[in-house]
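Observations on chain architecture
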Amino acid sequence: MRRSTSSKLSSPNCGFASRKSDRVGAIHGRLLTAWSVAGILGPVFVNYIRVYLKSRGATGVGLYAPTMYLMAGLLVVGLICNLMVRPVYERFYYHKNCDR
């Protein structure tokens, strides 16, 4: 017997329910690692670009404008990546306790 789409959205299936707590450590580990890398490499990269532009004779706004455009571009790329994320197909769910 198949469930309707609305029931799938309102109640989690067995695979999703068992997955919620299974991978929390790994998900948070990856998230914290990505944030740490971005928190360290981001300012280093911006400073490197600033020093490079200063050695080329840029002053004032010319020192920071290119880095701000770069950061705005990276935000747009991140937005596009987030919009491209789609739900996982049900056939790829992990069914640990289900009768299958």
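Residues numbered from 1 in each chain as written. Predicted model: local features only at pLDDT ≥ 70, side-chain atom pairs only at ≥ 80, totals over all residues. Heavy atoms only, no water.

Attention shifts here to the overall build of the protein chain. Each helix and strand in the protein chain was counted, giving 4 helices and 0 strands. Surface accessibility of the protein chain: about 8800 Å² in total, with carbon and sulfur atoms responsible for 66%. (Helix = DSSP H or I, 4+ residues; strand = E, 2+ residues; numbered from the N terminus. Areas by Shrake-Rupley, 256 points an atom, 1.4 Å probe, with all protein chains shown as cover.)

Moving on to the environment of Ala58. Structurally, Ala58 can be placed in the loop between helix 3 (24–55) and helix 4 (61–84). Given the relative accessible area of 22%, Ala58 is considered partly exposed. Every residue in contact with Ala58, bar those within four places of it in the chain, is listed here: Leu53 and Leu63. (Buried < 20%, exposed > 50% of the residue type's maximum accessible area, 1.4 Å probe, protein only. Contact = heavy atoms within 4.5 Å.)

To continue, consider the side chain of Thr67. Following the sequence through the fold, Thr67 ends up in helix 4. You can call Thr67 buried: its relative accessible area is 0%. Reaching out from Thr67, the side chain makes a polar contact with the backbone oxygen of Tyr64 at a distance of 2.7 Å. Excluding its chain neighbours within four sequence positions, the residues that come into contact with Thr67 are Val46 and Ile49. (Polar contact = N/O pair within 3.5 Å; in protein donor to acceptor, adjacent residues only side chain to side chain.)

Our focus in this paragraph is helix 3. When the terminal C-alpha atoms of helix 3 are compared, their 46 Å separation across 32 residues agrees well with the 46 Å that a helix rising 1.5 Å per residue should span. Within helix 3, the full set of buried residues consists of Val46, Ile49 and Leu53. Buried residues along helix 3 sit in contact with helix 4. (Expected span 1.5 Å × (residues − 1).)

This next bit is on the packing of helix 3 against helix 4. Where helix 3 meets helix 4, the axes come as close as 9 Å, and the angle between the chain directions of the two elements is 145°. In this structure, helix 3 crosses over helix 4, and the sense of that crossing is right-handed. Contacts from Phe45, Val46, Ile49, Arg50, Leu53 and Lys54 of helix 3 reach helix 4 at Gly62, Leu63, Tyr64, Pro66, Thr67, Leu70 and Met71. Split by residue class, the contact of helix 3 with helix 4 holds 9 nonpolar, 2 polar and 2 charged. (Axes fitted to C-alpha atoms, helices over the stretch in contact; angles between N-to-C directions. Left-handed = near helix turned anticlockwise from the far one by under 90°. Nonpolar A, V, L, I, M, F, W, Y, C, P; charged D, E, K, R; others polar.)

With that settled, consider the confidence of the model for the protein chain. Across the protein chain, pLDDT averages 77, with 75% of residues at or above 70. The least confident element of the protein chain is helix 1 (residues 5–10), whose mean pLDDT is 43; the most confident is helix 4, at 90. (pLDDT = per-residue confidence, 0-100.)

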